[in-house]
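Summary of the model geometry
Here's the letter readout for the chains.
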Amino acid sequence: MWKNYSADYIKNNRASGISVRAAAFLAALFLSFLCCLFYNFWLDSIEGAKLEDGDWHARITGEISEKDLAVINRFANVERAVVDEESSGDQEKVTDVYFYHKKTIYQDMSALVKVLGLEEDAVEYNYQLLSLYFVRIPGDDKPRLLLPAYLAIVVIVCFSLILIIHNSFAVSMNSRVHQFGIFAGIGATPGQILTCLVQEAFVLAAVPILAGILTGIVFSFGTVWGMSRFASNFVGGRQMAFECHPALLMLVMVLSIFTVLVSAWLPARKLSRLTPLEAIRGTDEWQLKNSKMAWKKHSPVLSALFGMEGELAGNAIRAQKKALYTTSLSFTLAFFGYMIMQCFWTLSGISTNHTYFEKYQDAWDVMATVRDTRIEDFELTGEIRRLAGADSSVVYQKAEAVCILPQQAQSKELLEMGGLKSFSEDPAYSGEGPFQIKAPMIVLDDESFLAYCGQAGAASRLDGAIVLNRLWDSVNSNFRYPKYIPYVKEDMETVVLRSAEAKGEQESENMTKITVLACTQEYPLLREEYGKSDCPLVLFLPLSLWKGIKEQTGGAERDTYVRVLAKDNAKPDAVHALEDEITQIISREYEVESENRIQEKADNDKMTEGYQWLSGAFCVLPAMIGIAHVFSHTLGFLRQRKREFARYMSVGLTPEGMRKMFCIEALVIVGRPVLVTLALTTVASAVMIRASYLDPAEFIQAAPVVPILAFVLTVFGFVALAYYLGGKKIMSVSPGDVLRDDTMM
């Protein structure tokens, strides 16, 4: 009986199921899109981990013979074991081991090292890769939040969709309260009514769920394709290959069916519990609850702005408060997320320009990194300097040493502020003897060093170093607008350096004393900034001096850097051409990587834009959920609000007044979350501005008013459209027919 009744009702009342089908379609679409997108993000993370750290699962370091290698390969769960020649040394071999089943990798490796007679510390695990396979190895203490984050988002989306689409089912089911009251009166049990309603929901949602899943897959494919195209514009950008596993489709199907059935079960369960008398009488009309404090329900703001229609709209919004809770929450989350992200990216852009692009626009245009090459072995300095498009160039290398600084060498200003021990938490600075402080050394080619001597007012010599004599006064200034004090006394004549790697008795053997040509707060035009962190004493050395002391101090990095400033640095084509020339010259003999300031800024802007689009898409999701809920609500409110509007029209409310009332309701639904989020965003932005030490006026000038306004107006446009469609149905019905016919569709 119930099966035939449900089929007949669905067949004869197709319009009543439109909102239900739309809600089921959107639920399946969102779940399919997110699950497919997260699955491909997960696969891309695995690929990235393999490229960064290697695709091995575990590795053994030790004396592994051919016989031992054969033993490893014969182990039951081992897929293969190979010797990594690149990581192996002369004495010890590094063997990479790959497993079929990764869940038991820890137990298997423990058994292997026992068979081979090795210690446990001979084993190393690829923690990052294994964690992406959801395998945690003892000793991996880093938080792995990828899977919990994905699961949390999916659960939140399922819960949100249940809150949304259950209203569509409730609207459809509540229109038939009177009918089910009659059925209950002639003997239908609550279980039969509940089963009937859930069956109807499943039949209505079956096709939309399939269509939504397919559409979500198409959308996720388009997103992955777009991200791959976007990544291809950057050096080292990795292409993402789209995959959709059958098990993933089954998971999406189960989640979609579960979401729809739970959404239908909630109102169906409530409806099945009504007594026959309550159902026949009907309880679905929205009303304001009686209250002795009725004056508190007055809407003074709406009344003052819009008159009687504003008061009526305020009463209607309060009566629908529970039904519109999901809409309000969705819009609040969407607006707050979008506003705060726009403000964050605006502040980030201002900060990046201040601290990087604008600050160094006159310091470098092209940077070339010569891989695995010491500065003393680099022989192309003169050829680069003679390039027609180069205004100036510096070849330099970084090294690290330790400076033995006597207590009395500290400047007067530093001593007045408590000395080095007040600027650093390093216990080495708290004693009474000489300080052993970090001494970064910047080794310049001789010609560049002589030019720096002229800049610092020092004698043009190549037998000494120049000390960068400045220390950031972090007590009386911030990082945005730093103030500096002298680090050491201006009359320092020599400085003692030792190797940063020397220990114990080697310290005295690896020391050298060098002449100080000058102590200055000026530093040469390089891409880096010095003198801010961890209280280092920075020294600039010529290549000629470095050749004589490198054996004692050591600590040199493996790469050499070439900084070039272009003559026409405002023209992108000129900078690109200069970069190509430099790359061609260096690549003839060395491995080189290059970048230019203009291209780096363009890449940064593109990357920021990509992050904005991605974060904006996640903010659009709750907005779409809220919009879907509004459409579901307004297209179904004809049944629930028919008597309300019939009474208004019977006492003289004009069609224009009705339209005005609808507009006010739409304005309040969108406007209230906007006002709340504007207040929250203002407070959050003020905190971010204060934390970044930026000028508030600068942020106000660049405030993202246009994108925020466009987002809000777009949401309001959809809400207004939903009210227009619902209001059009209301306006086409006669008040007399409504009051006379309780079954009006």
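The structure we're discussing is the one just above.
Now for unusual backbone geometry. Its identity as a non-glycine residue notwithstanding, F134 has a phi of 65°, on the positive side. Tracing the sequence through the fold places F134 in the loop between α5 (127-132) and α6 (146-174). Residue F134 is classed as partly exposed on the basis of its relative accessible area, which comes to 38%. With a phi close to 50°, D372 is a non-glycine residue in the positive phi region.

All of the buried residues along helix α18 (residues 543-553) are L543, L545, W546, I549 and T553. The buried residues of α18 occupy an angular sector of 130° when projected down its axis, which confines them to one face. Every exposed residue of α18 that faces more than 90 degrees away from the buried side is listed here: G548 and E551. Once α18 finishes, G554 follows within two positions and takes phi at roughly 60°, a positive value.

Of all hydrophobic cores here, the largest spans 51 residues; its most connected members are F378, L405, L539, V562 and I586. Once residues within four sequence positions are removed from consideration, L405 is found in contact with L420, P434, F435, I437, Y487, V488 and M492. Counting residues in hydrophobic clusters, the runner-up holds 36 residues, among them A313, A316, F331 and I730.

Here the focus is helix α12 (residues 308-319). When the terminal C-alpha atoms of α12 are compared, their 17 Å separation across twelve residues agrees well with the 16 Å that a helix rising 1.5 Å per residue should span. What α12 keeps buried is the set E309, G310, E311, L312, A313, G314, A316 and I317.

On the surface, F718, L721, Y724 and L725 cluster together into a nonpolar patch covering about 380 Å² of accessible area. The topology assignment puts L721 in helix α24 (residues 705-731).

Okay, the side chain of S220 next. Its location among the elements puts S220 in helix α8 (residues 190-231). S220 sits in the buried class, given a relative accessible area of 0%. A polar contact of 2.8 Å, which involves the side chain of S220, links it to the backbone oxygen of I217. Sequence-distant contacts of S220, defined by excluding residues within four places in its chain, comprise F33, C36, L37 and F242.

What counts, and where the lines are drawn
- Residues numbered from 1 in each chain as written.
- Predicted model: local features only at pLDDT ≥ 70, side-chain atom pairs only at ≥ 80, totals over all residues.
- Heavy atoms only, no water.
- Helix = DSSP H or I, 4+ residues; strand = E, 2+ residues; numbered from the N terminus.
- Buried < 20%, exposed > 50% of the residue type's maximum accessible area, 1.4 Å probe, protein only.
- Arc of directions from axis to C-beta.
- Core = buried A, V, L, I, M, F, W, Y, C linked by side-chain atoms within 4.5 Å.
- Contact = heavy atoms within 4.5 Å.
- Expected span 1.5 Å × (residues − 1).
- Patch = residues over 30% accessible without salt bridge, like charges linked within 9 Å, V, L, I, M, F, W, Y side chains within 5 Å.
- Areas by Shrake-Rupley, 256 points an atom, 1.4 Å probe, with all protein chains shown as cover.
- Salt bridge = Lys/Arg side-chain N within 4 Å of Asp/Glu carboxyl O.
- Polar contact = N/O pair within 3.5 Å; in protein donor to acceptor, adjacent residues only side chain to side chain.

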